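The chain contents come next:
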Amino acid sequence: MTKYAYIHGEIVPIEQASISLVNNTFHYGTGCFGGIRGYWNEEQEQLYIFRIEDHYRRLLNSAKMLLCEIELTPADLAKITVDLVQREGWRQNCYIRPVVYKDVDFYRVWLHDGNDDIAIVTIPVGKYLEKDDGAKVCVSSWRRVDDTAIPARGKVNGSYVNSALIKSDAMLSGYDEALTLSHDGHVSEGSAANFFMVRDGVLITPPVTDNILEGITRRTIMELAREELGLTVVERPIDRTELYIADEAFFCGTGVQVAAIASIDNRKLGAKSPGPITSRMSETYFDVVYGRNPRYMHWLTPVPQTAAVAG
Amino acid sequence: MTKYAFFNDAIVPIDQAKVSVMTHTLNYGTGCFGGLRAYWNPEQEQLYAFRFVDHFRRFLNSGKILLAELPYAAEELAEITLELLRKEGWREDCYVRPLLYKADEIIGVRLHNLRDAVTIFSVPMGAYLPREDGLRVCTSSWRRVDDTMIPARGKLVGSYVNSALIKSDALLSGYDEALVLSQDGHVAEASAANFFMVRDGAVVTPPITDNVLEGITRRTMMHLCTQALGLPVVERTIDRTELFLADEAFLCGTGVQIAAIGSIDNRTLGDGGMGPITRQLRTLYFDTVRGRRPEFAGWLTPVYDQDNEKLSAKQAMAAD
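As for the overall build of chain A
Then comes step 1: Secondary structure assignment for chain A yields seven helices and 18 strands.
Then comes step 2: In terms of overall dimensions, chain A is globule-like: its C-alpha atoms have a radius of gyration of 20 Å, near the 19 Å expected for 311 residues.
Then comes step 3: Principal axes of the C-alpha set define a box for chain A whose edges measure 50 × 50 × 30 Å.
Then comes step 4: Across the 311 residues of chain A, 61% fall into the buried class.
Then comes step 5: Within chain A, contacts between residues separated by at least 24 positions form 71% of all contacts whose residues are at least 6 apart in sequence.
Then comes step 6: Summed over its atoms, the accessible surface of chain A is roughly 11,900 Å², and 50% of this surface lies on carbon and sulfur atoms.
Then comes step 7: The averaged location of the 41 negative side-chain charges in chain A is 3 Å from the averaged location of its 32 positive side-chain charges.

Re the overall build of chain B
Then comes step 1: A tally of regular secondary structure across chain B gives eight helices and 18 strands.
Then comes step 2: For a compact globule of 320 residues, the expected C-alpha radius of gyration is about 20 Å, and chain B comes in at 20 Å, within 12% of that figure.
Then comes step 3: Taken over the C-alpha atoms alone, chain B extends approximately 50 × 50 × 30 Å along its principal axes.
Then comes step 4: A buried classification covers 63% of the 320 residues belonging to chain B.
Then comes step 5: Sequence-distant contacts, at least 24 apart, represent 70% of the contacts inside chain B between residues at least 6 apart.
Then comes step 6: Split by element, the accessible area of chain B, about 11,600 Å² in all, is 48% carbon and sulfur.

Quick notes on the nonpolar core
Then comes step 1: Counting 131 residues, the largest nonpolar core has B:Val21, B:Leu85 and B:Ile120 as its most contacted members.
Then comes step 2: Ranked by the residues each element gives to this core, the list is headed by helix 3 (residues 74-88) of chain B, at seven residues.
Then comes step 3: If sequence neighbours within four positions are ignored, B:Leu85 has contacts with B:Ala38, B:Leu47, B:Phe52, B:Trp90, B:Cys94, B:Val96, B:Ser122, B:Val303 and B:Tyr304.
Then comes step 4: Ranked by size, the runner-up nonpolar core spans 26 residues in total, among them A:Tyr39, A:Tyr48, A:Leu231 and A:Val289.

Notes on the pairing of strand 16 (residues 257-264) of chain A
Residues and elements named next belong to chain A.
Then comes step 1: Of all eight residues making up strand 16, seven are buried, and the element is well covered by its neighbours.
Then comes step 2: The pairing of strand 9 (residues 135-143) with strand 16 spans three bridges and is classified as parallel. Looking at strand 16, one finds that Ala-135 is bridged to Ile-261.
Then comes step 3: Taking the residues that link successive antiparallel strands as the turn, the strand 15 (residues 248-253)-strand 16 hairpin has three residues.
Then comes step 4: Bridge count between strand 16 and strand 17 (residues 267-268): two bridges; the pairing is antiparallel. Opposite Ser-263, over in strand 17, you have Lys-268 as the bridge partner.
Then comes step 5: The turn joining strand 16 and strand 17, which pair antiparallel and follow one another in sequence, is formed by two residues; a positive phi near 50 degrees is taken by Asp-265.

Structural notes on the packing of helix 5 (residues 216-227) of chain A against helix 6 (residues 276-289) of chain A
Residue and element names in this part refer to chain A.
Then comes step 1: Closest axis-to-axis distance for the helix 5/helix 6 pair is 10 Å, and the angle between their directions is 110 degrees. Viewed along their axes, helix 5 and helix 6 adopt a mutual orientation that is roughly perpendicular. Within the contact between the two elements, helix 5 uses Thr-217, Thr-220, Ile-221, Leu-224 and Ala-225 and helix 6 uses Met-281, Thr-284, Tyr-285 and Val-288.
Then comes step 2: Per-class residue counts for the contact of helix 5 with helix 6 are six nonpolar, three polar and no charged.

Quick word on helix 5 of chain A
Then comes step 1: In this model helix 5 of chain A runs 16 Å from its N-terminal to its C-terminal C-alpha over twelve residues, within 8% of the 16 Å that 1.5 Å per residue would give.
Then comes step 2: Turning to helix 5 of chain A, its buried residues number three or more, namely A:Ile216, A:Thr217, A:Arg218, A:Thr220, A:Ile221, A:Met222, A:Leu224 and A:Ala225.

Quick notes on unusual backbone geometry
Trans is the common state for peptide bonds, and a negative phi is the common state for residues other than glycine.
Residue and element names in this part refer to chain A.
Then comes step 1: Geometrically, the link from Ser-273 to Pro-274 is a cis peptide bond, its omega value of -5 degrees lying close to zero.
Then comes step 2: By secondary structure assignment, the location of Pro-274 is in the loop between strand 17 and helix 6.
Then comes step 3: Of note, His-8 is a non-glycine position whose phi angle comes to about 50 degrees, a positive value.
Then comes step 4: Here His-8 lies in the loop between strand 1 (4-7) and strand 2 (10-13).
Then comes step 5: Positive phi, close to 50 degrees, is recorded for Asp-200, a residue that is not glycine.
Then comes step 6: Within the secondary structure, Asp-200 sits in the loop between strand 12 (194-199) and strand 13 (202-205).

Topic: the interface of chain B and chain A
Then comes step 1: Opposite the 59 residues of chain B that make contact, chain A presents 56 residues.
Then comes step 2: When the buried area of chain B at its contact with chain A is split by residue, B:Val21, B:Leu26 and B:Met149 rank highest and sum to 14% of it.
Then comes step 3: Where chain B packs against chain A, one counts zero salt bridges.
Then comes step 4: Joining chain B to chain A, the criterion identifies 19 residue pairs in polar contact (both at pLDDT 80 or more).
Then comes step 5: Contributing elements (two or more residues each) for the side of chain B that touches chain A: strand 1 (4-7), strand 3 (18-20), helix 1 (24-28), strand 7 (94-102), strand 8 (116-124), strand 9 (135-143) and helix 4 (160-172) of chain B.
Then comes step 6: Ranked by residue count, the leading element in the side of chain B that touches chain A is helix 4 of chain B, at ten residues.
Then comes step 7: Here the side of chain B that touches chain A is composed, by residue class, of 37 nonpolar, 15 polar and seven charged.
Then comes step 8: Alignment of strand 3 (residues 18-20) of chain A against strand 3 of chain B, held across three bridges, turns out to be antiparallel.

Some details on the pairing of strand 8 (residues 116-124) of chain A
Residue and element names in this part refer to chain A.
Then comes step 1: Burial analysis of strand 8 places eight of its nine residues in the buried class, the great majority of the element.
Then comes step 2: In terms of strand pairing, strand 1 meets strand 8 through two bridges, oriented antiparallel. Looking at the pairing, Tyr-6 lines up with Ile-120 of strand 8.
Then comes step 3: The sheet contact formed by strand 7 (residues 94-102) and strand 8 spans nine bridges and is antiparallel. Bridge pairing in strand 8 places Val-100 opposite Ile-118.

Digging into the confidence of the model for chain B
Then comes step 1: Mean pLDDT over chain B works out to 94, with 95% of the residues at or above the 70 mark.
Then comes step 2: For this predicted complex, the interface score ipTM comes out at 0.89, while the overall pTM is 0.92.

Some words on the side chain of B:Arg218
Residues and elements named next belong to chain B.
Then comes step 1: By the secondary structure assignment, Arg-218 is in helix 5 (residues 216-227).
Then comes step 2: Only 2.6 Å separates the side chain of Arg-218 from the side chain of Glu-235, close enough to count as a polar contact.
Then comes step 3: Apart from residues lying up to four places away in sequence, Arg-218 is in contact with Asn-194, Phe-196, Thr-205, Pro-206, Pro-207, Ile-208, Leu-213, Glu-235 and Cys-252.

Here we look at helix 3 of chain B
Residue and element names in this part refer to chain B.
Then comes step 1: Helix length check: helix 3 (15 residues) gives 21 Å between terminal C-alpha atoms against 21 Å at 1.5 Å per residue, within 8%.
Then comes step 2: For helix 3, every residue scored as buried is listed here: Ala-74, Leu-77, Ala-78, Ile-80, Thr-81, Leu-82, Leu-84, Leu-85, Arg-86 and Glu-88.
Then comes step 3: Just past helix 3, the residue Gly-89 takes up positive phi, approximately 70 degrees.

Re the state of the cysteines
Then comes step 1: As enumerated under the stated definition, the model contains zero disulfides over all chains in all.
Then comes step 2: A:Cys252 forms no disulfide, and the closest cysteine sulfur to it belongs to A:Cys138, at a distance of 19 Å.

Analysis parameters
- In every chain, residue numbers begin from 1 and rise along the written sequence.
- Think of it this way: whatever chain is written first is A, whatever ligand is written first is 1, and the rest follow in order.
- pLDDT decides what is reported in this predicted model: residues at 70 or higher carry local features, side-chain atom pairs at 80 or more are listed and counted, and totals for whole chains, interfaces and linings draw on all residues regardless.
- Processing note: side-chain calculations cover all non-hydrogen atoms of the structure and skip hydrogens and water entirely.
- Going along the chain from the N terminus, every DSSP run of H or I of four or more residues is numbered as a helix, and every run of E of two or more is numbered as a strand.
- To get the radius of gyration, use the C-alpha atoms; to get the globule rule, take the number of residues to the power 0.38 and multiply by 2.2 Å.
- Exposure categories follow from relative accessible area, calculated using a 1.4 Å probe and restricted to protein chains: below 20% of the type maximum is buried, above 50% is exposed, and the middle band is partly exposed.
- Any pair of residues with heavy atoms lying within 4.5 Å of one another is described as a contacting pair.
- To measure how exposed things are, a 1.4 Å probe is used in the Shrake-Rupley method; for residues, cover is taken only from the protein chains shown.
- Two residue types count as positive, namely Lys and Arg, and two as negative, namely Asp and Glu; His and chain ends fall outside the count.
- Positions of charges follow a simple convention, taking NZ of Lys, CZ of Arg, CG of Asp or CD of Glu.
- We call a set of buried Ala, Val, Leu, Ile, Met, Phe, Trp, Tyr and Cys residues a nonpolar core when their side-chain atoms join them within 4.5 Å.
- For two strands to count as paired, DSSP must find a minimum of two bridges between them.
- Under this scheme, a helix contributes an axis fitted over its contacting stretch, all axes are lines through C-alpha atoms, and angles between N-to-C directions fall in the 0 to 180 degree range.
- Orientation categories follow fixed angle ranges, with anything under 35 degrees roughly parallel, anything over 145 roughly antiparallel, 65 to 115 roughly perpendicular, and all other angles oblique.
- Here the term charged refers only to Asp, Glu, Lys and Arg, the term nonpolar to Ala, Val, Leu, Ile, Met, Phe, Trp, Tyr, Cys and Pro, and the term polar to all other amino acids, Gly among them.
- Take the residue count of a helix, subtract one, and multiply by 1.5 Å to get its expected span.
- Computed with a 1.4 Å rolling probe, the buried area is the accessible surface lost when two parts are put together, summed over both parts.
- Throughout this description, the term salt bridge denotes a Lys or Arg side-chain nitrogen within 4 Å of a carboxyl oxygen of Asp or Glu.
- In protein, a polar contact requires one atom able to donate a hydrogen and another able to accept it; more generally it is a pair of N or O atoms within 3.5 Å, and residues adjacent in sequence count only if both atoms are side-chain atoms.
- pLDDT runs from 0 to 100 and stands for how confident the predictor is about each residue.
- Here, two cysteine sulfur atoms that lie within 2.5 Å of each other are counted as a disulfide.

What follows is the structure, encoded as structure tokens:
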């Protein structure tokens, strides 16, 4: 269980990491968050945090959209996070959740002068179990929040009520996940994960102008697809009915990692799920995040063992 | 200062009412809230709760959109709030904030199979806006969240980041408020208040299908216009440039109450202060909420009338 949190500039016992009921972000969704993973390599007895500074760079960009002022740099936040994870002493995979929030009361429905603070918590997550049959997906009857209303580009707290509406409706209709269309009818992403499809051997994903998260995992997949699998990767708008004739498709994100899609609106994709490219993509991704591919060690931050654990 | 909150199904000292930073709704905006007011009448030494049951009905409807289920009816939440106000003992205007939230810690980004909780607290509050006439308003470059994305119909936590983006951009550009258009370019409302304009003696407001809050104050204003002032009220789609041609315009809501717009995008409306219809309506509104208009007393529940409080609440419901 989680024992510590970072809040108000220091690491404290988790029970002290609370906010008042009158907190602005609690009432108005006026914050932003990140999702970062730490992977435990059993052979090396080493925990690696994946692309930590890239995640914090995006978090600070999300904060910028919300007129938040955080004095810390991505490097500062990475150091704090490593300290926090080290204190917890996780010897298993973990998920790291930083959240930037407005430490002011609920009166003001605005963003500036927000007395912005950042809290960070880490939680252990189980070992990833690969689902060999892939997800059953539908196209949501909801539309993605638009960049002109609440940007999906960063992880803005409030926008996730859109994700939650999409996810619950899909699950309660018997699906595992949903794909969401933009206001103009083009495919954006899953309820809270980026989307890729394969057509004629080409890997295709919606551009960052189609109301999607600018995902770190999305960028990782694009780079690995080109460099490690030699695939052509194209960012372009995707029409709804193209989904049905894709050879393969998958979601990606820090949370879902690489998750194969078996069917969309009850139309099966490809001959088998996961398809060959999705499988190779997934294997390549896990080799990188667990520190088994020497070419990508620059994306990993090893967490030093504490004296007690190491000794 | 606020001393109490309704939290975990009991009235407790507010400093004991805290939630973890990992709370679902803090992270994902998956909650909804209400905004209610009670008005102090100094002559009668009475605090009047305004349309509490109606507010809690909308509150529970917002919850329904979020697949939330609370073990309380609107009438029960109103009773709890009256008890909370009596315990605080306010002898001034105050504002009540109920918040429905998903109390689990961060797990799935979803709405179902999560624990729904409600908290209520109150604060003393007079005017919300620094000025209530001659507001300098602009049209926002943002668009209102759409009903197909996050409904503006109820007070959903997450949708208010849209309001906050709109409000901050307006304030930082030197305006007091902003009007926001729907995706299709029609006028929706202000950052967090309903919009009315007067054209040729008719009071016009966008329909509830144009991404507006289904405001209790909006309904109150419409009722007062038709029933007490004999003015025609029209709910219809409003174009952006119609704003410039309005004779008068005002914002309304529980927080802002009623505030006159002096200019929109630097085009002055009327004399730039408060128009005659707005002024008349404003006087009527404040007389109504402070219990000086017996014909609208059905909307009010006296907070401190110990002997008759239950009865009055029942009468208010029956009159609605």
